[in-house]
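# Structural overview
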Amino acid sequence: MTGSIKVVIVGGVACGPKTAARLKRLKPDAEITLLDKGKVLSYGACGLPYYVEGRFERLDALVETPLGVKRDPVFFRKVKGFEALTETEAVRIDRTTKTVEVVSRADGASRTLSYDKLVLATGASPVRLSFPGIDLEGVHFMHHLDDAAAVRTLADQGRVRKATIVGAGLIGLEMCEALASKGVHVTIVEMLPTVMGLLLDEEMGRLAMRHLAAKGVSLRMGETVSALEGDGQGRLVRVRTSAGVIESDLCLLAVGVRPNSALAAQAGLAVDARGGILINPFCQTSDPDIYAGGDCVANACVHDLSGSRIFAPQGSTSNKHGRIIANHIAGLAEPFPGVLGTVICKVFEITIARTGLTERQARALGYDVETVLWAGSDLPHYMPAGGPFCMKLVVNRRTRQLIGFQAVGSGDVAKRLDVAATAMAFQATVDEIAHLDLGYAPPYSPPIDPILTAAHIAQNKLDGVTRGISPGELKRRIEAGDPDILLLDVRGPAEIQEVRLPYKDRSRSIPLGALRERLSELPRDKHIVTLCKVSLRGYEAERILSGAGFPRVSFLDGGIAGWPFELETGA
């Protein structure tokens, strides 16, 4: 489009300001009006839990540039060159006349704005559950600056001793650490069996839960909240669940968000069953003159070959959408490729991360998959700063492409997550990943980076060189009474005394160094599962036994470190 263009943008948090700023740089003569029904523009909502925790002292830092300049209407007018209106709500779109009716929340005055192009960046809102007591004092969400300010004030004043968090997703886990750092005892209530149950496979979720429990967090998995109960004066005192009651001074509802798509739907724009606005690769809606981006849209999923869409609200995606929209309006047709559902969060000393498909999702979509569960340190064993972590790869057996990654631990998970996400974006196979020329020095990684080692394991499994068994499969077979399983622990006696699997009646112990001389002690009519701390020795043992003609041998994926279920300790 040539000449001046009039653009109206509804929504002023992430996608909206990004669209306006980028478009003004590309088309300096564009007439851009951004409006938001709130009082605060362009705030970093992802930083709210860290303000509550006390990582930084000024809440205003979330609405400032790195140089400390507040991103307010004056800033956007003088520095970015477009008009920004706060406390101004868009209430109706007339697609025929290409106008937007807006209402001032300050005085109720109504007016109409015309547009050549309209951008909807209306975001999402917290899900409000319908149980009794949701309006009691002490019940909070964590979506806006005011939410963070209120919760931190209560915690700093010592008015919260026991908090219940409903929902074990990203916000719930981040707020768990924030409140615990203030001396608050935290209980998490989650209807799914594990934390981040929609984003992680069971074994990875359970590894995260083990760390939370070690930090004193009470985990109430598989429970639902039925009511919030007060003291008769409007103040929360307990949370009632499907399994009992939890005494609570504060209840944080963190069960997800829903896209704010009512304005779009009223205008006749296409939305999906969950309310996400449907967009094409250029973020155009079903009306080519109306764009949408950020948390209000349904994103295309890179890995889902069925072509379905996912609701994956992320501040990073919102900003990418803003750039795509601005480029397209300015005549630069750069398509948005979709999302992998990449997520990372910090919970106490560990990092939880995922991207692509879980094993459960991949199988539901019809993929024939191979999985790898790797456990170990992010640094060489002689580097004292090394941290342990466990990661899982999900691989398409037919194409050998990596289609899923998950990791939990205190090591440098972020580095491996970003390698995996990049590899998946370019549809890399595990064979290609196995030879990536990654940076190596002892302060940063072992000579062969853990993600390359995991790719090597995947190659070995796909090529029939070795066989592994996942913790979940092993536990299911043992608990089903399968008489065929024999566990062979190839660690030393001191290690076994310290921690071991709780299946003594099915276990044998032969240190790896003695295994070749003691093969005659092992039955050849059993399925022998070899294991050690992280399954490096377990893999070596599997190779020794298989090479000696034992017909059915597997190593335990991830070893003791990757076992997410109960363990035995002590003599």
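One structure accompanies this document, and this report is about it. Owing to the predicted nature of the structure, the values given are computational and were not obtained by experimental measurement.

## Remarks on the sheet that holds strand β26 (residues 402-409)
Spatial ordering of the open sheet is given by β22-β23-β26-β25-β24, a layout of 5 strands whose pairing is antiparallel. Looking at the sheet topology across the chains shown, the edges are occupied by β22 (343-347) and β24 (369-377). Pairs of neighbouring strands in the sheet enclose a mean axial angle of 10 degrees, with direction left out of account. Helix-sheet contacts for helix α5 (residues 170-180) involve β22 and β23 (350-356), and the interaxial angle to β22 is about 20 degrees.

## What to know about the pairing of strand β15 (residues 244-247)
Inspection of the sheet shows strand β14 (residues 236-241) paired to β15 by 4 bridges, in the antiparallel sense. Within β15, the position partnered with arginine 240 by the bridge is valine 245. Connecting the antiparallel pair β14 and β15 is a turn made up of 2 residues.

## Describing the pattern of salt bridges
Applying the stated rule across the entire model yields 43 salt bridges. Linking glutamate 229 and arginine 240 is a salt bridge whose minimum nitrogen-to-oxygen distance equals 2.5 Å. With glutamate 229 in strand β13 (residues 225-230) and arginine 240 in strand β14, this pair connects stretches of sequence that are 11 residues apart. Across the pair lysine 392 and glutamate 359 runs a salt bridge whose closest N-O atoms are separated by 2.7 Å. Remark: glutamate 359 occurs in helix α9 (residues 359-364) and lysine 392 occurs in strand β25 (residues 388-396); sequence separation between them is 33 residues. Here the two residues lysine 392 and glutamate 359 agree in accessibility, since each one is buried. It is possible to trace a salt-bridge network through shared partners that takes in Asp201, Glu203, Glu359, Arg360, Arg363 and Lys392.

## Focus on the sheet that holds β14
If you walk across this open sheet you meet the 3 strands as β13-β14-β15, and the pairing is antiparallel. Strands at the two margins of the open sheet, each flanked by one partner only, are β13 and β15. For this sheet the average axis-to-axis angle between neighbouring strands, irrespective of direction, equals 25 degrees. In this sheet, β14 lies alongside β13 in antiparallel orientation, the contact comprising 5 bridges. Across the sheet, glutamate 229 pairs through a bridge with arginine 238, a residue of β14.

What counts and how
- Residues numbered from 1 in each chain as written.
- Predicted model: local features only at pLDDT ≥ 70, side-chain atom pairs only at ≥ 80, totals over all residues.
- Heavy atoms only, no water.
- Pairing = 2+ DSSP bridges.
- Helix = DSSP H or I, 4+ residues; strand = E, 2+ residues; numbered from the N terminus.
- Axes fitted to C-alpha atoms, helices over the stretch in contact; angles between N-to-C directions.
- Contact = heavy atoms within 4.5 Å.
- Salt bridge = Lys/Arg side-chain N within 4 Å of Asp/Glu carboxyl O.
- Buried < 20%, exposed > 50% of the residue type's maximum accessible area, 1.4 Å probe, protein only.

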